[in-house]
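Listed here are the chains, written in short residue letters.
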Amino acid sequence: DQQVKQNSPSLSVQEGRISILNCDYTNSMFDYFLWYKKYPAEGPTFLISISSIKDKNEDGRFTVFLNKSAKHLSLHIVPSQPGDSAVYFCAASAHNQGGKLIFGQGTELSVKP
Amino acid sequence: SQTIHQWPATLVQPVGSPLSLECTVEGTSNPNLYWYRQAAGRGLQLLFYSVGIGQISSEVPQNLSASRPQDRQFILSSKKLLLSDSGFYLCAWKRVANNSPLHFGNGTRLTVT
């Protein structure tokens, strides 16, 4: 049962343009959502998060949008840079669940110069 | 600042041999601790988590086990490795407070031959 889904395994974007990564979830108990960035042979690095009481959170070039009714969140990166090329994971958690995160399968972003 | 150490970085073990991966966290106390595995080309799967010394929750039945002998030490073990145990193992910690992110170590690449 895949509670968090990233349906696009890969995405290619031109440098300077916007990258939009999408994520869907099925568990309505999830109330905290995160995005991580991962390079090969390294651990994931936390990027940005959003709680279910908000619908948008922005941090520099990164913005996360949450649509609770659609059970959908997205990560916008603008402008995209070649150094953003990595695998991006969305994750979700429910309070009182030991803080465990349920991850999606990841989307590999390639930003071309 | 907090840091997480995970070792070894890579490990090649024969089928049937034992396993011990260690993870320690510095700069914080009473963290929640987690073991995740990333199989080739797949997402991050939660294996174990711990909210305190000696308290281990298992998410996936398998031939692996985890222990937390000290507050900031988390160990992943197996008595007899299987080929299917190959993968990228990640340790992570988070503050107890709700809505705080997980912070990952750099992972251990385990190859069972």
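Numbering of residues starts from 1 in every chain and runs along the sequence as written. As a convention, the first chain written is A and the first ligand written is 1, with the rest following in written order. In view of the model being predicted, local features appear only for residues whose pLDDT reaches at least 70, and side-chain atom pairs are presented and counted only at 80 or more, with totals across whole chains, interfaces and linings using the full set of residues. Working from all heavy atoms in the structure, the side-chain values ignore hydrogens and water.

Considering the state of the cysteines
We apply this condition: Throughout, a disulfide means two cysteine sulfur atoms within 2.5 Å of one another. In this text, helices come from DSSP runs of H or I with a minimum length of four residues, and strands from runs of E with a minimum of two, each type numbered from the N-terminal end. When accessible area is computed with a 1.4 Å probe and restricted to protein chains, residues below 20% of their type maximum are described as buried, those above 50% as exposed, and intermediate ones as partly exposed.
Under the criterion given, the structure shown has two disulfides over all chains. Paired through a disulfide, C23(A) and C90(A) show a sulfur-sulfur distance of 1.9 Å. When the S-S torsion is 65°, as for the bridge of C23(A) with C90(A), the disulfide is right-handed. Linking C23(A) in strand β3 (residues 19-25) with C90(A) in strand β9 (residues 86-93), this pair joins segments that are 67 residues apart in sequence. Considered together, C23(A) and C90(A) belong to a single accessibility category, that of buried residues. What pairs with C23(B) in a disulfide is C91(B), and their sulfur atoms sit 2.0 Å apart.

Section: the packing of aromatic side chains
Rules: Any pair of Phe, Tyr and Trp rings, taking the six-membered ring for Trp, is counted once the centres come within 6.5 Å. Such a pair is stacked with planes under 30 degrees apart, edge-to-face with planes over 60 apart, and tilted for the rest.
This model, assessed by the stated rule, comprises eleven aromatic pairs over all chains. Pairing Y36(A) with F104(B) gives two aromatic rings, centres 5.6 Å apart and planes at 90°, and the pair type is edge-to-face. Here Y36(A), found in strand β4 (residues 32-38), pairs with F104(B), found in strand β10 (residues 103-104), and the two come from separate chains. Using a relative accessible area of 0% as the deciding quantity, one classes Y36(A) as buried. Aromatic rings pair up to connect Y36(A), F46(A), F89(A), F103(A), Y36(B) and F104(B) into one cluster.

What about the pairing of strand β11 (residues 108-112) of chain B?
Residues and elements named next belong to chain B. Selection rule: Two strands qualify as a pair provided DSSP detects at least 2 bridges between them.
Burial of β11 is one-sided: the residues T108, L110 and V112 facing one way are buried, the residues R109 and T111 facing the other way are not. Pairing geometry for strand β9 (residues 87-94) and β11, over three bridges, is antiparallel. The residue bridging G87 from the neighbouring strand is L110, located in β11.

Comments concerning the pattern of salt bridges
Using the following cut-off: Within this document, salt bridges are pairs made up of a side-chain nitrogen of Lys or Arg and a carboxyl oxygen of Asp or Glu, the two lying within 4 Å of each other.
The full count for this structure, using the stated rule, is four salt bridges over all chains. A salt bridge links R61(A) to D84(A), with the shortest nitrogen-to-oxygen separation between them at 2.8 Å. Here R61(A) is found in the loop between β6 (56-59) and β7 (62-67), whereas its partner D84(A) is found in the loop between β8 (72-77) and β9, with 23 residues between them in sequence. Among the ionic pairs, R68(B) bridges to D71(B), the shortest N-O distance being 3.2 Å. The exposure class of R68(B) is buried, given its relative accessible area of 2%.

Focus on the nonpolar core
Soluble globular proteins tend to bury their nonpolar side chains together. Residue and element names in this part refer to chain A. This is how it is decided: Throughout, nonpolar core names a set of buried Ala, Val, Leu, Ile, Met, Phe, Trp, Tyr and Cys residues whose side chains join them through atoms within 4.5 Å. In this analysis, two residues are considered to be in contact whenever any of their non-hydrogen atoms come within 4.5 Å of each other.
Counting residues in hydrophobic clusters, the biggest one holds 24 residues, and the most contacted among them are F33, W35, L73, L75 and Y88. Of all the elements in the fold, those that place two or more residues in this core are β3, β4, β5 (45-51), β7, β8, β9 and β11 (107-112). Take this core: its biggest share by element is four residues, from β9. With residues near it in sequence (within four places) discarded, Y88 still touches Q6, L21, W35, Y36, K37, L47, L75, I77, G106, T107 and L109.

Things to note about the interface of chain B and chain A
This is how it is decided: Put simply, buried area is how much 1.4 Å-probe accessible surface two parts lose in total, over both of them, once they are put together.
If you look at the interface, chain B gives 22 residues, while chain A gives 21 residues. When chain B packs against chain A, close to 1600 Å² is buried across both sides, 58% of that on carbon and sulfur atoms. There are one salt bridge connecting chain B and chain A. For the salt bridge of K100(A) with E59(B), the shortest nitrogen-to-oxygen distance reads 3.1 Å.

Description of the sheet that holds strand β8 (residues 73-78) of chain B
Residue and element names in this part refer to chain B. What counts here: Lines fitted to C-alpha atoms define the axes here, with helix axes fitted over just the stretch in contact, and angles between the N-to-C directions of these axes take values from 0 to 180 degrees.
Read from one edge to the other, the open sheet built from four strands follows the order β1-β3-β8-β7, with strand pairing classed as antiparallel. Each having just a single partner strand, β1 (3-7) and β7 (64-70) make up the two edges of the open sheet. Each strand of the sheet is rotated relative to its neighbour by a mean of 15°, with strand direction disregarded. Strand direction decides the pairing type here: β1 and strand β3 (residues 19-26), joined by five bridges, are antiparallel. Bridged to H5 within β3 is T24.

As for the sheet that holds β8(A)
Within a sheet, neighbouring strands are paired by backbone hydrogen bonds and run either parallel or antiparallel to one another. Residues and elements named next belong to chain A. The strand order across the open sheet built from five strands is β1-β3-β8-β7-β6, with neighbouring strands paired in antiparallel fashion. With one partner strand each, in any of the chains shown, β1 (4-5) and β6 form the two edges of the open sheet. Taken together, the six bridges between β3 and β8 define a ladder with antiparallel strand orientation. Across the sheet, the residue bridging to C23 is L73, located in β8.

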